[in-house]
Amino acid sequence: MTVDEAALKERARAFLAEHDPAATEPLDFLRARFDAGLAWVHFPKGLGGLGAPRELQNVVEGELDGTPQTDVGKLAIGLGMAAPTILIFGTEEQKKRFLRPLWTGEEIWCQLFSEPGAGSDLATLATRAVRDGDEWVVDGQKVWTSGAHHSRWAILVARTDPDVPKHRGLTYFVCDMEAPGVEVRPLRQITGEAEFNEVFLTGVRLSDQLRLGEVGDGWRVAQTTLMNERVAIGGSPVRRGGGVIGVVAETWRRRPEIRTHDLHQRLLRLWVETEVTRLAGVRLREQLAAGAPGPEGSGMKLAFARLNQALSGLDVEMRREEGLAYDDWTFRRSDSVDFFGRGPGYRYLRAKGNSIEGGTSEILRNIIAERVLGLPSEPRVDKNVPWKDLPR
Amino acid sequence: MTLLYSEVEEELRAAVRDLLADRCPPATVLARIESASPYDADLWKALARDIGVAGLLIPEELEGAGASAREAAVVLEELGRAVTPVPFLTSSVLATQALVSAGTDGARELLATLASGETTAALAVSFASSPYSLEWSESPQSPKAPGADTAAGTPWGAVAVEGGTLSGRVTAVAGADVADVLIVPASGALYAVEAADATVTPMVSLDLTRPISTVTFIGAPARQVSSGLRPLRAALDLGAGLLASEQLGVAEWCLTTTVAYVKERHQFARPVGSFQSLKHRLADLWMEIVQARAAARNAADALASGTDTATAVAVAQAWCGAVAVHAAEECVQLHGGIGMTWEHPVHLYLKRAKADEIALGTPGDHRDALARLADLPGPLGS
Ligand SMILES: Cc1cc2nc3c(=O)[nH]c(=O)nc-3n(C[C@H](O)[C@H](O)[C@H](O)COP(=O)(O)OP(=O)(O)OC[C@H]3O[C@@H](n4cnc5c(N)ncnc54)[C@H](O)[C@@H]3O)c2cc1C
C-alpha cells in the first residue's frame, strides 16, 4: 500500500496525540518519531520511514512544526551522506545499529575522505587498511574533516590493495572515532574558527562488521556518498527572495544611504540569478518527484557556490565602513556553520569554501562536461597503472 | 503549477519538430534569406493549418484551439531551435493577444480569420518596445518608446487619427512584411488596417530570419478594435514572456551544435572538446541554459495561470536574452574560422539572438522593472 498525503497527515496527528511534545523529553520524542516512521518518510519501514515518496516529507514537517527538532547543521554529514550510503550498501544489522541515533542526533558523523595528498583526486588516497583476522588495521592521515571533534562515527575510505589501479583498491568503512589510535587536531580556518580538523589514524582497529560494501568496491560506495553530498549542498529549497539575497536585500531596503547606481545594477543582476537558480532547483525537485531525475543536479552546487560568493562579497562592499570591521576572530571549535547568525565578513569568508568543499567547482565543471555533455576526458596517465607505481 | 512539460505539450513539440526537421533544415533557411522574402509561406501553412499553431491562443468559440501560453511556449522553443522564418510570434502571439484582450466584435471577427492561418496580422509597434514603455506613455514627461516619431507627439509611433483614417509612420515593425492586417495603436486606441492600405518598406535587418519594416500610413482606412491600450500591454507582456522560450530554443541549438562539433574536430591530435578550457565554458553555458529553461517555463506557466505574471516575465527576459546571445557567441568562437562563414548557419542564430535581446525590452529594461517588482529601489533621487 502506498502512503498518500491524507494518510500521512492522519498518522502525524495520531502520533502527536500520543506523544505530547510539551510533556516528553526531546530525545524521547525524536526516538518515538523515528519509530513511528515519521523521521524520513522515503526510508523503509522500521528504519524511520514508511517507504513513501520523498516529497511527502513536507507534509510531516508541516504537521510536526514546533515540536523538538535536531540541529541539522551539526547532523549534515550524517543525514546527507552517511545515511543514504548506509541505506544502499549497509547490512540489515548496520542499518538497525546506525540510522536511528544518526537521525535523532545522539551520534554525530563526519567524513574521513580527503587527505593531504588526495583531494580532487580522491581515488589516489594513501590511508591503508590491512586485514588482520576479523579486523582491519588502519594507518594514515585525513584532513579538512568537518566536525570530527564532536563525532562518534565517520565514513572512511581506505586503500586495501595498493597493487591494482587506484580506483580498484579502495574499501569503505565506518570508523569508530572513539577507537584507540584516532587523534583529532583542529585546523584554524580563514574565518578564525575551526570547523574542520586533521585526523591521524595510527593502528586503529576496526571490526570487519564496520565495512560498508565489498572489499575493493569502496570507490563505487564513495560515489553514492559524493552524489548525495552535492545534492545536499546544492539542493536546499528556499522561497523567492530568501537565503543570502534576502539578507542583502533587507540591508538595501533599510539603508537608502548605501545605494549607488553601480551597486543597484549588480544587486538586480544577482537577484535575477538567484531567482533563476531557485527555479532550476524547483524544476529539479519536480523531476525527482516524477521519478525522472535530470542531469541538472550536477549544476546546482556550482550555481549556488558562485551566487553565495558574489552576494556575500557585495554585502561586505556595500556596507563600506561596517565592511571594514569583522565580528570575531577568536580561535574556537565551532559546532556548525552559523551562516546567518554571523556578520557579513564571516559570510564572505565562509562562502569561499562553497566552491572547494564537496568537490571543487572545477571538478564539477569536468563532471558536467564529461557526464552530461559527453565531451571526451583529458588524456590520462593514471588509469591503468597500479596505485603504488603512480608519481606522487 | 509545474515547470515540467506535460504529455500534450511534448506531443505538440514532437509534431512541430518533425515538420521542421523535414521542411526547415539550416540549408533551406540559408537559401531563403537570399530570396526576396525570407518567410516560408508553405511551411507556415503547414504549421498554421495542419498542426494548428495559428489558432493556439484563440478561444475555441472563434475556431481556435483555446490553448494556453504553455503550449505556445513549446512551439516557440522549436521555432527558435530552427530559426524558422514564420510569423508565429508576431501574428499568433503578439497581434492575436492584442485582439483577444480587446475582445470587441471587430477584434473577434479578425480572430476568426487568424485562427485558420488564412490571414496573418502584425502589431504595428516597434519590435524594440518593452512592456514598460507603455507606462512611460501614460506619464507625459517621461521618455518616449523606441520607434516613436517625435514629430507626431504620441509615443506609439507617429500615427494620427482623422475621420476614421490613420496617417503616420512606425519604424522597426516585425512581421509587417507578411501581414495581411496591421493592428495599430493610435491616439490611445487600437485600430485594424488592411496591410494593402499601408506602405510596408522592409529594412535591411540584423535578423535575417525575422526582418523589420517601416510602416507608413497615409489616410489609411481604419476600424477601431479597442478603445484603450490595455490590450497592447497584455500583448507585449505575453510576447516578452514567451520570447524567453524562443531564446531557450536558440540557445539549445547553439549548445548542441557546439558540443557535437568540438567532439569531432581534432587539433593537437585530440578532439578540441577534450581541452579543459572549452569543457568548462560549455559546462557553464549548460548551467545557464538549465536556469533559462526553468525561467522560461515559469514565465509560460505564470502567463497561463495569470498569477505572478509581471515578475515571472521580467525574470525570464532579464535572464534568457543574454543566455541566447552568450550561447550563439560561444558557438561562433568554438567553431573557429568556419563559424565566421556565411555558409555555416550559426550566424542566423547569432543575429536572431542579438535581435531578440533588444526585442520587447532589453535585459536591462526588465531588470529595471524588477527594481520595482522586487522592492529593490535605486539610489535616492534617481
Ligand atoms: C570548508 C571545507 C570543509 C571540508 N570538509 C571536508 C570533510 O568533512 N571531509 C572531507 O573528506 N573533506 C572535506 N573537505 C575537503 C574538500 O573535499 C577538498 O578540499 C576538495 O575536494 C579539494 O581538494 P584539495 O583541497 O586537495 O584541492 P586540490 O585537489 O589540490 O585542488 C587545488 C586546485 O586545483 C584544481 N584542480 C584539481 N584537479 C583538477 C582538475 N582535474 N581539473 C581542473 N582543476 C583541478 C581544484 O579545483 C583547485 O582549484 C572540506 C573542504 C572545505 C574547504
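No experiment lies behind these values; they were computed from the predicted model shown.

Draft legend 1. A look at the domain arrangement of chain A. For chain A, the assigned domains are domain 1 (1-69), domain 2 (72-221 + 379-392) and domain 3 (235-359). Taken over C-alpha atoms, the centre of domain 1 of chain A sits 31 Å from the centre of domain 3 of chain A.

Draft legend 2. Layout of the packing of aromatic side chains. Residue and element names in this part refer to chain A. Scanning the model with the defined rule gives 14 aromatic pairs over all chains in all. Arranged with centres 6.3 Å apart and planes meeting at 35°, the rings of Trp109 and Trp153 form a pair that is tilted. With a gap of 44 residues between them, Trp109 in strand 1 (residues 109-112) and Trp153 in strand 4 (residues 153-159) connect regions that are remote in the sequence. Given the relative accessible area of 2%, Trp109 is considered buried.

Draft legend 3. Main features of the pattern of salt bridges. Inspection of the entire model under this criterion finds 63 salt bridges over all chains. Among the salt bridges present, the one from Glu378(A) reaches Arg270(B), with a minimum N-O distance of 3.6 Å. Of this pair, Glu378(A) sits in the segment after helix 11 (361-372) while Arg270(B) sits in strand 10 (residues 270-271), each in a different chain. What makes Glu378(A) partly exposed here is its relative accessible area of 29%. Classification of Arg270(B) by relative accessible area gives buried; the value is 18%. Note that Glu194(B) is salt-bridged to Arg223(B), the shortest N-O span being 3.2 Å. Note that Glu194(B) is positioned in strand 5 (residues 189-194) and Arg223(B) in strand 8 (residues 223-226), a separation of 29 residues in sequence. Look at Glu194(B) and you get partly exposed, because its relative accessible area is 35%.

Draft legend 4. Spatial organisation of the sheet that holds strand 4 (residues 181-186) of chain B. Residue and element names in this part refer to chain B. The strand order across the open sheet built from four strands is 1-4-5-8, with neighbouring strands paired in mixed fashion. Two strands close off the open sheet at either side, each with one partner strand: strand 1 (121-123) and strand 8. Along the sheet, successive strands turn relative to each other by an average axial angle of 30°, direction set aside. Here strand 5 runs beside strand 8; their pairing, made up of three bridges, is antiparallel. Directly across from Ala192, in strand 8, lies its bridge partner Arg223.

Draft legend 5. Structural view of the side chain of Gln57(A). Residue and element names in this part refer to chain A. Checked against the element boundaries, Gln57 lands in helix 3 (residues 57-63). Among the polar contacts listed, one links the side chain of Gln57 to the backbone oxygen of Ala39, at a separation of 3.0 Å. Filtering out sequence-adjacent residues up to four positions away, Gln57 remains in contact with Arg33, Leu38, Ala39, Trp40 and Val41.

Draft legend 6. Structural view of the side chain of Asn197(A). All names here are of chain A. Within the element layout of this structure, Asn197 appears in strand 7 (residues 197-207). A polar contact of 3.1 Å, which involves the side chain of Asn197, links it to the side chain of His149. Looking at Asn197, its side chain comes within polar contact range of the side chain of Arg333, at 3.1 Å. Once you skip the residues sitting within four places of it in the chain, Asn197 turns out to touch Val143, Trp144, Thr145, Gly147, Ala148, His149, Val184, Arg185, Pro186, Leu187 and Arg333.

Draft legend 7. A look at the environment of Glu34(B). Residues and elements named next belong to chain B. For Glu34, the location among the structural elements is in the loop between helix 2 (26-32) and helix 3 (41-51). Along the sequence, Glu34 and Leu208 sit 174 residues apart, while their C-alpha atoms lie 9.2 Å from each other. Within the structure, Glu34 has its side chain in polar contact with the side chain of Trp342 (distance 2.9 Å).

Draft legend 8. Structural detail: the sheet that holds strand 2 (residues 160-162) of chain B. Residue and element names in this part refer to chain B. The strand order across the open sheet built from four strands is 2-3-7-6, with neighbouring strands paired in antiparallel fashion. Because the sheet does not close on itself, it has two edges, and the strands there are strand 2 and strand 6 (199-202). Ignoring strand direction, the axes of neighbouring strands in this sheet form an average angle of 15°. Pairing of strand 2 with strand 3 (residues 165-174) involves three bridges; the strand directions are antiparallel. Each bridged residue has a counterpart across the sheet, and for Val161 the counterpart in strand 3 is Leu166.

Draft legend 9. Region of interest: the domain arrangement of chain B. Residues and elements named next belong to chain B. Considered domain by domain, chain B is made up of domain 1 (7-119), domain 2 (133-227) and domain 3 (231-373). Computed from C-alpha atoms alone, the centre-to-centre distance between domain 1 and domain 3 is 21 Å. Summed over the shared surface of domain 1 and domain 3, the number is three salt bridges. For Asp301, the salt bridge identified is with Arg70, shortest N-O distance 2.6 Å. Our count for the domain 1 to domain 3 interface comes out at six residue pairs in polar contact (both at pLDDT 80 or more). If you list the elements that add at least two residues to the side of domain 1 that touches domain 3, you get helix 2, helix 4 (69-81) and helix 5 (88-102).

Draft legend 10. A look at the site of the ligand. Taken together, 19 residues lie around the ligand, and Ser120(A), Trp144(A), Thr360(A), Glu362(A) and Gln276(B) are the ones closest in. With respect to the ligand, the chains having nearby residues are chains A and B. Between the ligand and Asn366(A) there is a distance of 3.4 Å, counted from a nitrogen atom to a side-chain nitrogen or oxygen. The side chain of Gln276(B) places a nitrogen or oxygen atom 2.7 Å from a nitrogen atom of the ligand. Alone, the ligand offers 970 Å² of accessible surface; in the complex the protein occludes 68% of this. Here the shell around the ligand gets three residues from one element, more than from any other, and that element is helix 11 of chain A. Among the residues forming the shell around the ligand, the class breakdown is six nonpolar, 10 polar and three charged. In this structure, the shell around the ligand is formed jointly by two domains, domain 2 (72-221 + 379-392) and domain 3 (235-359) of chain A, each of which donates at least three residues.

What counts as what
Residues numbered from 1 in each chain as written. Chains lettered and ligands numbered in written order. Predicted model: local features only at pLDDT ≥ 70, side-chain atom pairs only at ≥ 80, totals over all residues. Heavy atoms only, no water. Domains from an automatic or database assignment. Phe/Tyr/Trp six-rings, centres within 6.5 Å; stacked < 30°, edge-to-face > 60°. Helix = DSSP H or I, 4+ residues; strand = E, 2+ residues; numbered from the N terminus. Buried < 20%, exposed > 50% of the residue type's maximum accessible area, 1.4 Å probe, protein only. Salt bridge = Lys/Arg side-chain N within 4 Å of Asp/Glu carboxyl O. Pairing = 2+ DSSP bridges. Axes fitted to C-alpha atoms, helices over the stretch in contact; angles between N-to-C directions. Polar contact = N/O pair within 3.5 Å; in protein donor to acceptor, adjacent residues only side chain to side chain. Contact = heavy atoms within 4.5 Å. Near = heavy atom within 4 Å. Areas by Shrake-Rupley, 256 points an atom, 1.4 Å probe, with all protein chains shown as cover. Nonpolar A, V, L, I, M, F, W, Y, C, P; charged D, E, K, R; others polar.

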